[in-house]
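If you want the building blocks of each chain, they are given just below.
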Amino acid sequence: MKKYDVVVIGAGISGLLAALTLSKHGKKVLVLEKRQHIGGNCNSYMVDGYQVDTGVHAITHLVEGPFKMLMDNYFDYQPIFEDYGYYYIRTERTFVKVPSNLKDFVTFDVLPRKDRVLLSQTLTKAFTLSSFGIDLSNQSVYEFMPKNLSEDTYDFVDAMCRSLSGKPMKETSAQRVLYGSSFVRDSVTQEQFDAIIRKLEPNKHQSAESILASIIPYHLHASLQSRMTKIKKPFTSLERLATNDVNGSQGYPRKGLKALLNAVLYSLPESVEIKTECEVKSIFVQDGKVSGIEADEIYSSDIVIYTGFATELPRLIKDLPPEYIADLKNIVHNKSLTIWLGMEKEIPEFKYTGSEIWFKELAYWASPISNYDPSLAPKDKQLIGFTFIIDENNTEEHELKKAYDTIFRAVPKAEKYVDMQHEQITIPEKATVSIGGKFADIRTPIKNFYVAGTDTDKRSMGITRASYSIIELLKVLNEDGKLY
Ligand SMILES: Cc1cc2nc3c(=O)[nH]c(=O)nc-3n(C[C@H](O)[C@H](O)[C@H](O)COP(=O)(O)OP(=O)(O)OC[C@H]3O[C@@H](n4cnc5c(N)ncnc54)[C@H](O)[C@@H]3O)c2cc1C
């Protein structure tokens, strides 16, 4: 039986970040991935000369968030981020920036004026309650909304809820909207992070601040740099509600999402081994500890970290306590469909950087990613990704047709220039932040078996959330005396 300090199950971004951080803490790590490719939902690949990502991505909290902390302290190579740009709302008659604060909201004439006034009051109320420490996580956005608003306003709020939680407004908590839109922030403070990694070699441990200063000229687009300087100003919560700039710390990795994956891969030391097409089928437990991991052969290790769906654990491990299994059943998922369209030529409707939201009937979130980097499309062509949350009760064919109809209703001209089309059906996050939806704990009933990834942390979304989960994992391992 081959023996490692750590076996990580899953080579998505969570598994690779776990492998990177733990190897830099001196561990010999084996990563087992069932698919042929590593990266999971964080990757890019070629389709007919276009480089598509696994879903439309914006990387958030790049100034002070958990991914930045991991990059600063554990990466040998850093991805280059392009300024994300802005979020826009597209309707049949207009294309305008999404309001990110109360001031912008007043002039946002996509919605009737009366509705805007009522919604601003509601937002202020939710914010005030939250800042007094009242937990709004069990109150739905719908419950919070004034009644008798126009259909457009309900559709708009519903689309925003779906983009933040994957669920409609009746299942999205008011708390989620405040956090997801950065009105209320949760982050790991530098002190908390320092406490976790205090034993890392002193020369490897630099504060986020000092590294930021040293990388800006090379790694960040000039306009992102200027926004970052603005963002660093210590905002009070109320100032943020009045002037919030939600896009300020977001970026898109130059050369596509796979550049982010590559930065992790290039930073891995030789003490990390990765095996692909190597599905973990069973995890054996003896005396409350993992005694073996069955994949292409049986492996053993002091620590096992699982980054697949926590809901799959009862299938992999026999005799888990019934109450643990019952908890896992409360984790809620949702499905997304991304349609990538390659355009024969650059079309003026998509001449922007950032993303657009269409909120009528079937909402989408779209981004013309070749505007960040023309090399993602063949010369003079354009690549646009459209992500939808789909209804699992309908057939995929039905949802696909509805999605294409929506795109061509939103931008009729697009249909004429389609040169490539490609579809992806994925589960964007392992746990949806919905009312009553649960998350898995990092610790499990098995002593040396831990879960990491987007179903163990409800903060933020996607790669930022995966990074939070890895920082928490390090904290837990440190507390359990297993980091050294
Ligand atoms: C359409 C879409 C849009 C998104 N937009 C954004 C965005 O804008 N911003 C953002 O930050 N994030 C976004 N995300 C989310 C982000 O991509 C994911 O949260 C992140 O990539 C998840 O990483 P993970 O490692 O936790 O999970 P995964 O990527 O799912 O990786 C888990 C890996 O474990 C492997 N595995 C599972 N079980 C086993 C087993 N038994 N044996 C071996 N291997 C196993 C799987 O094959 C997989 O490779 C988006 C995702 C999608 C799909």
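The rules behind the values
Residues numbered from 1 in each chain as written. Predicted model: local features only at pLDDT ≥ 70, side-chain atom pairs only at ≥ 80, totals over all residues. Heavy atoms only, no water. Helix = DSSP H or I, 4+ residues; strand = E, 2+ residues; numbered from the N terminus. Expected span 1.5 Å × (residues − 1). Buried < 20%, exposed > 50% of the residue type's maximum accessible area, 1.4 Å probe, protein only. Salt bridge = Lys/Arg side-chain N within 4 Å of Asp/Glu carboxyl O. Pairing = 2+ DSSP bridges. Core = buried A, V, L, I, M, F, W, Y, C linked by side-chain atoms within 4.5 Å. Contact = heavy atoms within 4.5 Å. Phe/Tyr/Trp six-rings, centres within 6.5 Å; stacked < 30°, edge-to-face > 60°. Lys NZ or Arg CZ within 6 Å of the ring centre and 35° of its normal. Axes fitted to C-alpha atoms, helices over the stretch in contact; angles between N-to-C directions. Parallel < 35°, antiparallel > 145°, perpendicular 65-115°, else oblique. Left-handed = near helix turned anticlockwise from the far one by under 90°. Nonpolar A, V, L, I, M, F, W, Y, C, P; charged D, E, K, R; others polar.

J.: Sorry if this is basic, but what is going on with helix 6 (residues 151-165) here?
T.: In an α-helix there are 3.6 residues to a turn, and that puts residues three or four apart on one side. In this model helix 6 runs 21 Å from its N-terminal to its C-terminal C-alpha over 15 residues, within 8% of the 21 Å that 1.5 Å per residue would give. By the burial criterion, the buried members of helix 6 are Thr153, Tyr154, Phe156, Val157, Asp158, Ala159, Met160, Cys161, Leu164 and Ser165. Just beyond helix 6, the residue with positive phi is Gly166, at close to 80 degrees.

J.: Any chance you could explain the pattern of salt bridges here in plain terms?
T.: When their charged atoms lie close together, side chains carrying opposite charge are able to pair. Under the definition given, this model contains 26 salt bridges. A salt bridge links Asp405 to Lys401; its shortest N-O distance comes to 2.8 Å. Taken together, the residues span about one helical turn, with Asp405 and Lys401 both in helix 15 (residues 396-410) at a distance of 4 residues. By relative accessible area, which is 41% here, Asp405 ends up partly exposed. A salt bridge links Glu479 to Arg443, with the shortest nitrogen-to-oxygen separation between them at 2.9 Å. One end of the pair, Glu479, is in helix 16 (residues 462-479); the other, Arg443, is in the loop between strand 17 (418-426) and strand 18 (449-451), with 36 residues separating them in the sequence. For Arg443, a relative accessible area of 37% corresponds to the partly exposed category. Via salt bridges that share partners, Lys2, Lys275, Asp296 and Glu297 belong to a single interconnected network.

J.: How do you make sense of the pairing of strand 10 (residues 282-286) when you look at a structure like this?
T.: Every other side chain in a regular strand lies on the same face of the sheet, so the side chains alternate between the two faces. Note that strand 10 and strand 11 (residues 289-294) share 5 bridges and pair antiparallel. Counterpart to Ser282 in the pairing with strand 11 is Glu294.

J.: Explanation requested: the nonpolar core in the structure shown.
T.: Nonpolar side chains in soluble globular proteins tend to end up buried together. Ranked by internal contacts, the top residues of the largest apolar core, which has 44 residues, are Phe67, Phe75, Ile305 and Leu473. Looking at this core, the element that brings in the most residues is helix 16, giving 8 residues. With residues near it in sequence (within four places) discarded, Phe75 still touches Leu17, Leu20, Phe67, Leu70, Ala263, Val264 and Ser267. Val52, Val56, Cys161 and Phe359 belong to the second largest nonpolar core, which has 35 residues in total.

J.: Would you mind going over the packing of aromatic side chains with me for this structure?
T.: The description of an aromatic ring pair uses the distance of the two centres, along with the angle that the planes make with each other. Applying the stated rule across the entire model yields 18 aromatic pairs. Both rings, one in Tyr84 and one in Tyr372, keep their centres 5.9 Å apart while their planes meet at 35 degrees; by these two values the pair is tilted. Here Tyr84 is found in the loop between strand 5 (81-83) and strand 6 (86-90), whereas its partner Tyr372 is found in the loop between strand 15 (364-367) and strand 16 (382-390), with 288 residues between them in sequence. Among the residues examined, Tyr372 registers a relative accessible area of 9% and is labelled buried. Taking the centre distance of 4.8 Å and the plane angle of 15 degrees together, the rings of Tyr88 and Phe95 count as stacked. Its relative accessible area of 30% is what places Phe95 among the partly exposed residues. Ring pairs connect the aromatic residues Phe350, Trp358, Tyr364, Phe386 and Phe388, which therefore count as one cluster. Positioned above the aromatic ring of Tyr142 is the side chain of Lys147, whose terminal nitrogen or guanidinium carbon lies 4.4 Å from the ring centre.

J.: In this structure, what is going on with the packing of helix 1 (residues 13-24) against helix 16? I would like to understand it.
T.: In a packed pair of helices, the relevant descriptors are the angle between the two axes and the axis-to-axis distance. Where helix 1 meets helix 16, the axes come as close as 9 Å, and the angle between the chain directions of the two elements is 40 degrees. Here helix 1 lies oblique to helix 16, going by the angle between them. You can see that helix 1 and helix 16 cross each other, and the crossing is right-handed. The residues of helix 16 that touch helix 1, namely those facing Ile13, Ser14, Leu17, Ala18, Thr21 and Leu22, are Ile463, Ala466, Ser467, Ile470, Leu473, Leu474 and Leu477. When the residues that make up the contact of helix 1 with helix 16 are grouped by side-chain class, the tally is 10 nonpolar, 3 polar and no charged.

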